[in-house]
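The residues making up each chain are set out below.
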Amino acid sequence: RGRGGEVAGTLRLTTRAEGSSPAGEGDGCGGDGSGASADLEDGLDASKGYDVLLQVALRANGFRRRNLLITKPWHFLLNAFAREYNVPGSTCILQFLKWVVRAATPTTECMDILCQLLPRVLKEKHQQDLCASEQQLLSRILVQVEDLLSKTFQGIKSLSEREASGLCSGHQLAPRDHFPSPVIQKALFLYSQLHDLLAPASQGKLEDHLRRGAHHRFGRIVRDAQDQCQGERGALGDTAGYLAASKIFDALRQELELDQALHRSGLLPAFVNFPEISNAQYAELLYDHLGDLLVSKPPDDFSDALDQLFRSASLYETQQSKFGLAGPKGKSAFVLFSDHVQTWIQRDCTWLCAKLTAKEVSQEISQAERTLGSLHSDHHGHHGHGNGHLYLIPLFRKQNGVFDKVQAFLGKYSGIVKRWPDWVPVLEQSCCKILRQLLRSLGEASGHAGGALGSAPPASGAHHHADQGFDQSIKQMFGCKNTREHAARLSITDAVLLNAERQMLSFVPKLSSAVSALTSGLPRQKGGLPAGVDFRHVEEETRTSYAQAAQRCVLLLSEAPCHRLKRILKEQAKYKPNESSGEVEDVKTLLKPYLTLIDQVLGDHRKMLTSKVWRDVCRGMWDLAAAELLKFVERIHNDKENASGGGFRVRVMTSEVSQILEEFFQQGLHQVLGSEVNERDLQTPFSAKKLRERICGGNRDLSASDSFSVY
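Keep in mind that what you see is a predicted model, and the values were worked out from it rather than measured.

On to the overall build of the protein. Looking only at helices and strands, the protein has 22 helices and zero strands in total. Per-residue burial over the protein gives 47% buried out of 711 residues. For the protein, long-range pairs separated by at least 24 residues make up 79% of all intrachain contacts whose partners lie at least 6 apart in sequence.

With that settled, the discussion passes to a positive patch on the surface. On the surface, K566, K570, K574 and R635 cluster together into a patch of positive charge. Sorting elements by how many residues they give to the positive patch places helix α18 (residues 533-574) first, with three residues. Relative to the assigned elements, R635 resides in helix α20 (residues 611-638).

For an α-helix, 3.6 residues make a turn, and residues three or four places apart therefore share a direction. Over its 19 residues, helix α5 (residues 108-126) runs 27 Å from end to end, which matches the ideal 27 Å to within 8%, given 1.5 Å per residue. At L118, α5 shows its largest kink, close to 25°, and the proline P119 lies no more than four residues downstream. Every buried residue of α5 is accounted for by C110, M111, I113, L114, C115, L117, L118, P119, V121 and L122. Packed against the buried residues of α5 are α4 (89-102), α6 (132-154) and α7 (183-194).

All right, on to the nonpolar core then. In terms of nonpolar packing, the biggest core is built from 135 residues, with F337, F396 and F665 touching the most fellow members. Those residues in contact with F665 that sit more than four places away from it in its chain are Y594, I598, L602, C618, M621 and W622. If you look at the next biggest cluster of nonpolar residues, it comprises 61 residues, including L78, V101, L130 and F179.

Where empty space is left can be seen by rolling a probe of water-molecule size over the atoms. By volume, the largest pocket is sized at about 720 Å³. For the largest pocket, the lining is made up of 20 residues, of which Y546, R615, D616, R619 and R680 are closest to its centre. Listed by contribution, the elements that provide at least two residues to the lining of the largest pocket are α17 (492-518), α18 and α20. At seven residues, α18 tops the list of elements feeding residues into the lining of the largest pocket.

Applying the stated criterion across every chain, the model contains three cavities of 30 Å³ or more. Of the volumes computed, that of the largest cavity is approximately 80 Å³. Lining of the largest cavity is provided by 13 residues; of these, Q154, K157, G213, A214 and R217 occupy positions nearest its centre. Residue assignment for the lining of the largest cavity shows that the elements contributing at least two residues are α8 (200-230) and α10 (274-296). Residue composition of the lining of the largest cavity, by class: five nonpolar, six polar and two charged.

Between α4 and α5, whose axes approach to 10 Å, the crossing angle comes to 140°. As the angle between them shows, α4 and α5 are arranged oblique. Every pair of crossing elements has a handedness; the one defined by α4 and α5 is left-handed. Residues S90, I93, L94, F96, L97, V100 and V101 of α4 form the contact with α5, whose participating residues are C110, I113, L114, L117, L118, R120, V121 and E124.

On inspection of all chains with the given rule, the structure shows 16 aromatic pairs. Where F302 meets Y413, the ring centres are 5.8 Å apart and the plane angle is 40°; that geometry is what we call tilted. Of the two residues, F302 sits in the loop between α10 and α11 (304-322) while Y413 sits in helix α14 (residues 402-419), which places them 111 residues apart along the sequence. Look at Y413 and you get buried, because its relative accessible area is 1%. Between F334 and W423, the ring centres sit 4.7 Å apart and the planes meet at 55°, which makes this aromatic pair tilted. Pair noted here: F334 is in helix α12 (residues 333-354) and W423 is in the loop between α14 and α15 (424-448), with a separation of 89 residues, a long-range link. Here the aromatic residues F302, F310, F334, F337, W344, F409, Y413, W420 and W423 are joined through ring pairs into a cluster of three or more. The lysine or arginine in question, R102, covers the ring of W99, its NZ or CZ lying 4.5 Å from the ring centre. Above the plane of the ring of W614 lies R606, whose end atom (NZ or CZ) is 5.7 Å from the centre.

The next point concerns the confidence of the model for the protein. Caution is warranted with low-pLDDT regions, since their predicted coordinates should not be read in detail. This prediction gives the protein a mean pLDDT of 79; 77% of its residues lie at or above 70. Across residues 379-386, confidence stays below pLDDT 50; counting only partners more than four residues off in sequence or on other chains, it has 10 contacts. Of the regions scoring below 50 in pLDDT, residues 702-711 engages in 18 contacts with residues more than four places distant in sequence or in other chains.

This next bit is on the environment of L591. As for its position among the elements, L591 is in helix α19 (residues 587-604). Exposure remark for L591: the relative accessible area of 1% places this residue in the buried category. Considered as a pair, L591 and I660 are 69 residues apart in the sequence and their alpha carbons are 8.9 Å apart.

With that out of the way, let us pick up the packing of α10 against α12. It is the contact of α10 with α12, at a shortest axis distance of 10 Å, that shows an interaxial angle of 15°. The angle between α10 and α12 places the two elements in the roughly parallel class. Every pair of crossing elements has a handedness; the one defined by α10 and α12 is right-handed. Counted together, Y287, L290, G291 and L294 of α10 and A333, L336, F337 and H340 of α12 form the full contact between these two elements. Partitioning the contact of α10 with α12 into residue classes produces six nonpolar, two polar and no charged.

This next bit is on the pattern of salt bridges. All told, the structure shown has 26 salt bridges when counted by the stated rule. The residue D301 makes a salt bridge to R347 at a minimum N-O spacing of 3.1 Å. Here D301 is found in the loop between α10 and α11, whereas its partner R347 is found in helix α12, with 46 residues between them in sequence. Residue D301 is classed as partly exposed on the basis of its relative accessible area, which comes to 31%. By relative accessible area, which is 38% here, R347 ends up partly exposed.

Here the focus is the environment of V652. Along the polypeptide, V652 turns up in helix α21 (residues 645-673). Residue classification places V652 among the buried residues on the basis of a relative accessible area of 16%. Along the backbone, V652 and I695 are 43 residues apart, and their C-alpha atoms lie at a distance of 9.5 Å.

Moving on, we come to the environment of D147. Among the secondary structure elements, D147 is positioned in helix α6. It is 9.9 Å that separates the C-alpha atoms of D147 and A104, two residues lying 43 residues apart in sequence.

Moving on to unusual backbone geometry. With the exception of glycine, the majority of residues adopt a negative phi angle, and the majority of peptide bonds are in the trans configuration. Of note in the backbone geometry, N86 takes a positive phi value of approximately 60° without being a glycine. Within the secondary structure, N86 sits in the loop between α3 (72-85) and α4. N86 sits in the exposed class, given a relative accessible area of 66%. Backbone geometry at H171 places phi at a positive 60°, although glycine is not the residue there. Mapped onto the fold, H171 is located in the loop between α6 and α7. The partly exposed category is assigned to H171, whose relative accessible area is 27%.

Criteria and thresholds
For every chain, the first residue of the written sequence is number 1, and numbering continues from 1 along that sequence. The model is predicted, so local features are restricted to residues of pLDDT at least 70 and side-chain atom pairs to those at 80 or more, both for listing and for counting; the totals for chains, interfaces and linings are taken over all residues. Water and hydrogen atoms play no part in the side-chain values, which are based on all heavy atoms of the structure. Runs of H or I in DSSP of at least four residues are treated as helices and runs of E of at least two as strands, each being numbered from the N terminus. Only protein chains enter the accessibility calculation, which uses a 1.4 Å probe. A residue is then buried if its area is under 20% of the maximum for its type, exposed if over 50%, and partly exposed in between. The contact criterion used is simple: two residues touch if any of their non-hydrogen atoms lie within 4.5 Å. Patch membership needs two things, relative accessible area over 30% and no salt bridge, and members are linked within 9 Å if like-charged or within 5 Å if nonpolar (Val, Leu, Ile, Met, Phe, Trp, Tyr). Each accessible area is a Shrake-Rupley estimate made with a 1.4 Å probe; only the visible protein chains count as cover when residues are assessed. Salt bridges, as used here, are contacts in which a Lys or Arg side-chain nitrogen is within 4 Å of a carboxyl oxygen on Asp or Glu. Only four residue types enter the tally: Lys and Arg on the positive side, Asp and Glu on the negative side, with His and both chain ends excluded. In plain terms, the charge of a residue is placed at NZ if it is Lys, CZ if Arg, CG if Asp and CD if Glu. To estimate the expected span of a helix, count its residues, drop one, and scale the result by 1.5 Å. Bend angle per residue: angle between axes fitted to the 7 residues ending at that residue and the 7 residues starting there. Among buried residues, the Ala, Val, Leu, Ile, Met, Phe, Trp, Tyr and Cys ones that are joined through side-chain atoms within 4.5 Å form a nonpolar core. Here a cavity means grid points, on a 1 Å grid over the protein atoms only, where a 1.4 Å probe fits yet cannot get out; a pocket means an open set of points with protein on both sides within 12 Å along at least five of seven lines; lining residues are those with an atom within 4 Å of a point. Grid points are joined across faces, edges and corners, and a volume is the space filled by probe spheres set on the points. Think of it as three bins: nonpolar holds Ala, Val, Leu, Ile, Met, Phe, Trp, Tyr, Cys and Pro, charged holds Asp, Glu, Lys and Arg, and polar takes everything else, Gly as well. For helices, the axis comes from a line fit to the C-alpha atoms of the stretch in contact; other axes are also lines fit to C-alpha atoms, and the angle between any two N-to-C directions lies between 0 and 180 degrees. When an angle is under 35 degrees it counts as roughly parallel; over 145 it counts as roughly antiparallel; between 65 and 115 it counts as roughly perpendicular; any other value is oblique. Note on convention: the crossing is left-handed when the near helix lies turned anticlockwise from the far helix by less than a right angle, right-handed when the turn is clockwise. Here is the rule: rings of Phe, Tyr and Trp (six-membered ring for Trp) pair when centre to centre is within 6.5 Å. Planes less than 30 degrees apart are stacked, more than 60 are edge-to-face, and the remainder are tilted. Criterion for a charge above a ring: Lys NZ or Arg CZ within 6 Å of the ring centre, and within 35 degrees of the ring normal. For every residue, the predictor states its confidence as a pLDDT score lying anywhere from 0 to 100.

Below is the structure:
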């Protein structure tokens, strides 16, 4: 009967003995019946009777997956029956295990029963104490135990006592408070009873179970990621696959953390490196999945979904490196996407280069000429614009110009380059290609304009753009009051091109620094050039082109002033003052025509040129003036006719001229540039240094009056 007194089952043993008594001994019905009793006992199959009684006991106890034990009353009855009919203990255990393995689950209760009873039977098997029927039954039991262990090891991350089956459905992760499960240790003990853990075959079989478990777990991760993307906004069409792939990468990072936790728990044998086994399986399946996705749905362009995918992939590969895990050889996100990313970068580069042709530059210059021409016709339309920004075509403006487009191009792929610096050379080469195309287009546009930097026509019409008020301010700035005289002037095209090249020269180092910042702190790629080499080459090319253009500009603008300075110096060399009167004209007064002309030239171009270009032009004219004076000093020094007293006066005059020029240009740079002036801007140029060395012997502390001894 059951616990409530109800009848759970009835055991009825019926035996029948038939036989004839020997002749002359009656009809077989006589006797005291003792012989019949012996025949009855001999005819009883005790093992089958025990099995029937065991089934009744199991039913009475509600035997099922999570209720495998038999209560004491029934346990007592089964033991009494076994003793009464001499049922072997191994038979009792095997009969019970036969039913246990049919309902077995990877739970603590089931594993405890198997770990307690199965070793006893296996010991008798090794001692050859089992009969043939028991060995057959044991073989069937062991097959089912192997299936249970396989299920346990393959679902090692899904073991949960909360589930009726002992496993979370569909290879889902077990709750964190149930991980790692204590069932793992019991399952390993049971596995060691069935296999020799020192044998390579046994070790390989266990690792194979764990490998298959990782395979099943990856399938679950993929399904979960795809299900999540179906309910998200923006996950439409081809992007859904890449969003799902990014979620797979994120989920695998958590898997690596769990693998490390299980490895640190010490539950697995020493020969099992669980993180490596799982990672190898995950990575192989992951990159195969990603490769199939690229084949079935190749991306047309870089998108937010791909940016998220690259971010997740980078974090995953960083996690692998953190734990000392390696991916499959020849497979990585960089390898899979390398051709695609390179194609995108080169395509965007080609598109930008197509927007930077000489034709485009020339069109913008023509538009700027028309705009400035109409502006110059109104003398009130350009006051307050003395910084040269009106002479920047839209392509070189600070907002929405070419530099913004290049910065946007760089920013588009900066995230990829930060994660995989292997793409830095491709990005750097593309940026340099854009810059070289821009530099080439500027040169071609200058050629189409007729090389105006070499021969600018006299100012007329639209080129008269310096109003009288501005002239007066510049004259006061340089301390000159003479009226304007004719001087060379740059055309609008020349000014625009010169400003553009100077803007470009300032932009190249910034772009180089931006690319270098993307790889800061990252190891340099083996066999590759360090980042920034191409940028340095482009910067040198730009600097050379700008220097040549600025030099042509300075030569053009300095032609008339230098001619006037040369004439003044030549006249003073031939001039013989009246010694009786003692009248000697002041040097600054002698230089006033030259200073006035320089003032006129610089003042006229202050509005046309940006502050940095104007500074370079000013310093260039200073250098040319010093060079002209240096040639004069050399000629006077070598001229025998000037060895008399008149030559000494000329030498004193040239020393004073040198000092006046230095003060003139330094004061002008200081006042025009204002807070933008640097100490380097005020340093004497090359020819001025040579002139100082020639006059003062290189001693900066010597003044003009102290330099007489050099002669």
